[in-house]
Amino acid sequence: MRLLRRTDAVAYGIFLLPLLVMVIVFLAYPLVLSVVTSFQSGNTGTWLGLANYERFFADPAIGQTIRNSFIRGVGGVIPSYLLGLCAALALHRLTRGRTVLRLLVLVPFVISAPVGLGMWKLLLDPYTGVPAALGFHIDNVFADADIVWWVLLGINAWGSFQFYTMLLLAGLTSIPEERYEAARVDGAGVWQRFVHITIPGISAVTVAACGLHFINSFQEFNLVYILTGGGPLGATQTLATYSYLKAFSDYDLGYATTLTTMSLVIMAVAIIVVLLLGLLLWRLHRQLKPHLLEWRLPRRRGSHGRRAASAVGPTAGAIAVAILSMAPILFVLSRSFDATPGGAEAVSIIPREWTLQNFGTVLSSPALWDTNSIAVPPLAYNFLNSIVVTFGVTVLVILLCLLGGYALSRLGGRMSRVLTAVLVFFQLVPVIVLVFPLYEVLSALGLLGSQFGLILATSVLFLPMGTLFFRVFFASSPIELEEAAALDGAGPVRILMQVVRPLARPVIGAMTAYTLINTWNEYLLATTLISDSSTRTFPAALSQYMSSYNFAATTTPGQQAVYLLIPIAAAIILLSLTQRQLAAAYEGGAVKG
């Protein structure tokens, strides 16, 4: 590798500068500000010392809130992983129709939280939902403390198992097929191959995915806030929703940041305990393994039948998972053509009377373009706002991550390792921890309530991952072309733009797809940092409208379904255009070049 010249080091420092400014201003400083604020009183800034933490341990609601956070964290991981594993195993063995079935399976994953959860509200409505259409008379499941968590976790699994599907597909792809062939020759059955080859082969991916998902689920905000608001009577209140309630309902920012700080501590302790327990069990297993009897299934005869079953099984499994993913969306599609006005009139899953009037009523409503309406947000403008914000965030993220990732890969040394470790740390910090100090930072900069402020705040959510993604690619890419260009007199800027950037197209495509979809669906920051309904992005504005009394009182179930179908259709189009890049990002194809 060529020696790092002083001019190159200066250029790499300039490449890193914009990234460092963004990380310091919108990640590091807000995190420090959050901890400092936890020692202060509300919004007055009066120093209280440990008073807020003493209040935390004396709060009678904290015990149930922590328990609910663990229910949300653990309950969000286990069913999603099991379902994602089944989907990955089925899709991995497919030879035909894999692209289409993968598209159908991934659809719920790219639907924004307000839209997906609003769809489930419509689907489980006690008067116009599926239970009513099937003749069952049930109460509001989101107001029943006995079953509400089962419902919430089921909905969460439906919308998040695709995360595991894509990551586990990457793990399955990396397992050499020769291992399975050798095991078949030795007489190993399906279960033995799964236990002794598949599970060890995806163990690293499983641990990393489950750990990351637990962090996100433990601090997750959207599911509980949108569907129950922490109710009934605090039965689903988590640390994330409780802190949001204290900050923006009770205006007690000091205690709110105390809650987010303590949630980080509790989560970190839980992860350390699990890791220590896992290490202990692993060592115990290694000691006992020579003394354990291997469970062998009887070897079956008839290879032709087994081959036929192995061909049909994955296809049937993939179709079943695709149906599971699409069934709620198909119900909303069916309801959008239903002329039933709702109320006391009976509903059905398949419309008794088909009509296009619901689409005409919604799409021709003048309120969609009226920025002065109090009852209805200007959803047409909100849709355009989402396009502007999504485009701005994506361009900014790709530019900063490309420059920063390349500089980190070429600088080397202690500074590069330290910055990489810092980015890994910030990648693990939940959004709910940053949202309150980001509110203060943008307010101080005069950017609160503006789309530019939202673009900056949303961009920092993707900068750590994107920079690390580019750094891994550039560190593993051949450097001979750069050395040849340097001998011809090319500087770092020219090498980056003319030599390196074309090689990084797969990474750029993968990160662009990831940023586009996640920015389009972002809800928490868009809801918190912008209050003007005409400036908000579409998911936040639609959630605001759908949660209002006016929406329930003036729209029929069919019209409500149309409001949901518009962003669902946009998400499907976006997914179909970026599916290959997303697959490359998750399956490691982009990193391999």
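About the cut-offs
Residues numbered from 1 in each chain as written. Predicted model: local features only at pLDDT ≥ 70, side-chain atom pairs only at ≥ 80, totals over all residues. Heavy atoms only, no water. Helix = DSSP H or I, 4+ residues; strand = E, 2+ residues; numbered from the N terminus. Rg over C-alpha atoms; globule rule 2.2 N^0.38 Å. Buried < 20%, exposed > 50% of the residue type's maximum accessible area, 1.4 Å probe, protein only. Areas by Shrake-Rupley, 256 points an atom, 1.4 Å probe, with all protein chains shown as cover. Expected span 1.5 Å × (residues − 1). Contact = heavy atoms within 4.5 Å. Arc of directions from axis to C-beta. Patch = residues over 30% accessible without salt bridge, like charges linked within 9 Å, V, L, I, M, F, W, Y side chains within 5 Å. Salt bridge = Lys/Arg side-chain N within 4 Å of Asp/Glu carboxyl O. 1 Å grid on protein atoms, 1.4 Å probe; cavity = no way out; pocket = protein on both sides within 12 Å on 5 of 7 lines; lining within 4 Å. Points joined across faces, edges and corners; volume = space filled by probe spheres on them. Nonpolar A, V, L, I, M, F, W, Y, C, P; charged D, E, K, R; others polar. Polar contact = N/O pair within 3.5 Å; in protein donor to acceptor, adjacent residues only side chain to side chain. Core = buried A, V, L, I, M, F, W, Y, C linked by side-chain atoms within 4.5 Å. Phe/Tyr/Trp six-rings, centres within 6.5 Å; stacked < 30°, edge-to-face > 60°. pLDDT = per-residue confidence, 0-100. Axes fitted to C-alpha atoms, helices over the stretch in contact; angles between N-to-C directions. Parallel < 35°, antiparallel > 145°, perpendicular 65-115°, else oblique. Left-handed = near helix turned anticlockwise from the far one by under 90°.

**Student:** If you had to explain the overall build of the protein chain to someone new, which residues and values would you point to?
**Tutor:** On a plain count of helices and strands, the protein chain comes out with 28 helices and two strands. A globule of 593 residues ought to have a C-alpha radius of gyration of about 25 Å, and the protein chain, at 26 Å, matches this closely. Counting only C-alpha atoms and orienting by the principal axes, one finds that the protein chain spans roughly 75 × 70 × 50 Å. Relative to its 593 residues, the protein chain shows a buried fraction of 52%. Within the structure as shown, the protein chain displays about 28,200 Å² of accessible surface, and the carbon and sulfur contribution to it stands at 66%.

**Student:** Go over helix α16 (residues 379–411), please, and point to the residues and values.
**Tutor:** For α16, which comprises 33 residues, the first-to-last C-alpha distance of 47 Å matches the rise-based estimate of 48 Å (1.5 Å per residue) to within 8%. Burial runs high along α16: 24 of the 33 residues are buried.

**Student:** Requested: an account of the environment of G118, with residues and values cited.
**Tutor:** In this structure, G118 sits in helix α5 (residues 113–123). Separated by 287 residues in the primary sequence, G118 and G405 place their C-alpha atoms 38 Å from one another.

**Student:** Please provide a residue-by-residue account of the side chain of S533, values included.
**Tutor:** By secondary structure assignment, the location of S533 is in the loop between α24 (524–529) and α25 (538–546). Once you skip the residues sitting within four places of it in the chain, S533 turns out to touch P377, P378, N382 and Q544.

**Student:** Please give an account of helix α21 (residues 480–487) that cites residues and values.
**Tutor:** If you check which residues of α21 are buried, you get E482, A485 and A486. Taken around the axis of α21, the buried residues stretch over an arc of 100°, which confines them to a single face. In α21, those exposed residues whose orientation departs by more than 90 degrees from the buried face are E480 and L487. Looking at the buried positions of α21, the neighbouring elements they touch are α16 and α22 (492–503).

**Student:** Tell me what's going on with the environment of F136, and back it up with residues and numbers.
**Tutor:** With respect to the helices, strands and loops of the structure, F136 is situated in the loop between α6 (130–133) and α7 (148–173). As a C-alpha pair, F136 and P18 span 118 residues in sequence and 58 Å in three-dimensional space.

**Student:** Explain a nonpolar patch on the surface to me, using residue names and the numbers behind them.
**Tutor:** Residues L134, F136, I138, I349, I350 and W354 make up a contiguous nonpolar surface patch of roughly 610 Å² in combined accessible area. Within the secondary structure, W354 sits in the loop between α14 (303–336) and α15 (357–363). When its relative accessible area of 54% is taken as the criterion, W354 is described as exposed.

**Student:** Summarise empty space enclosed by the protein; cite the residues concerned and give the values.
**Tutor:** The final tally for this structure, using the stated rule, is four cavities of 30 Å³ or more. When its volume is computed, the largest cavity comes out at roughly 60 Å³. Considering the residues around the largest cavity, the lining is formed by S386, V389, T390, L454, T458, T519, W520, E522, A526 and T537. For the lining of the largest cavity, the secondary-structure elements that each account for two or more residues are α16, α19 (451–459) and α23 (505–521). If you tally residues by element for the lining of the largest cavity, the top one is α16, at three residues. Of the residues belonging to the lining of the largest cavity, the class tally is four nonpolar, five polar and one charged.

**Student:** So what's going on with unusual backbone geometry? Which residues, and what values?
**Tutor:** Residue P232 is reached from G231 by a cis peptide bond, and omega for that bond is -5°. Relative to the helices and strands, P232 is located in the loop between α11 (222–227) and α12 (239–248).

**Student:** Can you break down the side chain of N156 residue by residue, with the values?
**Tutor:** Looking at the element boundaries, N156 is found in helix α7. On the accessibility criterion, N156 (10% relative accessible area) is buried. A polar contact is formed between the side chain of N156 and the backbone oxygen of G76, at a distance of 3.5 Å. Excluding anything up to four places from it in sequence, N156 contacts R72, G76, S80 and L223.

**Student:** Describe the nonpolar core, and please don't skip the residues or the numbers.
**Tutor:** Within the largest apolar cluster, 170 residues are counted, with the highest numbers of intra-cluster contacts made by I155 and I432. In terms of residue count, the dominant contributor to this core is α7 (15 residues). Residue contacts for I432: discarding those within four places in its chain leaves Q219, F221, A240, S243, Y244, T260 and L524.

**Student:** Describe in detail the packing of aromatic side chains, supporting the description with residues and values.
**Tutor:** Scanning all chains against the criterion turns up 33 aromatic pairs. A centroid spacing of 6.2 Å and a plane angle of 50° characterise the contact between Y12 and F15, whose relative ring orientation is tilted. In this pair, Y12 and F15 both sit in helix α1 (residues 6–37), three residues apart, roughly one turn of the helix. Assigned by exposure class, Y12 and F15 land together as buried. Centroid distance Y244 to F248: 4.8 Å. Interplanar angle 50°. Geometry classified as tilted. Here Y244 pairs with F248, and both are found in helix α12, just four residues apart, close to one helical turn. Three or more aromatic residues joined by ring pairs form one cluster here, namely Y12, F15, Y406, F470, F473 and F474.

**Student:** Lay out the confidence of the model for the protein chain with the relevant residues and their values.
**Tutor:** On average, residues of the protein chain score 85 in pLDDT, and 92% of them are at 70 or above. When pLDDT is averaged over each helix and strand of the protein chain, the minimum, 36, is found for helix α28 (residues 589–592) and the maximum, 96, for α19. Scored below 50 in pLDDT, residues 588–593 makes 13 contacts in the model with residues more than four places away or belonging to other chains.

**Student:** Summarise the pattern of salt bridges; cite the residues concerned and give the values.
**Tutor:** The tally for this structure, following the rule as stated, stands at seven salt bridges. Notably, a salt bridge pairs R93 with E177, separated by 3.4 Å at the nearest N-O pair. Of the two residues, R93 is situated in the loop between α3 (62–92) and α4 (98–106) and E177 in helix α8 (residues 177–185); the sequence distance between them amounts to 84 residues. When its relative accessible area of 34% is taken as the criterion, R93 is described as partly exposed. The salt bridge partner of D250 is K246, with a shortest N-O separation of 3.1 Å. Note on K246: relative accessible area 13%, which makes it buried.

**Student:** Just give me the short version of the packing of α12 against helix α18 (residues 431–444), but keep the residues and values in it.
**Tutor:** Between two packed helices, the angle of one axis relative to the other and the distance separating the axes together describe the packing. For the pair α12 and α18, the least separation of the axes is 10 Å and the interaxial angle reads 15°. By the criterion of interaxial angle, the relationship of α12 to α18 is roughly parallel. Between α12 and α18 lies a crossing of right-handed hand. Residue-level contacts link A240, S243, Y244, A247 and F248 of α12 to I432, F436 and Y439 of α18. Looking at side-chain class alone, the contact of α12 with α18 contains seven nonpolar, one polar and no charged residues.

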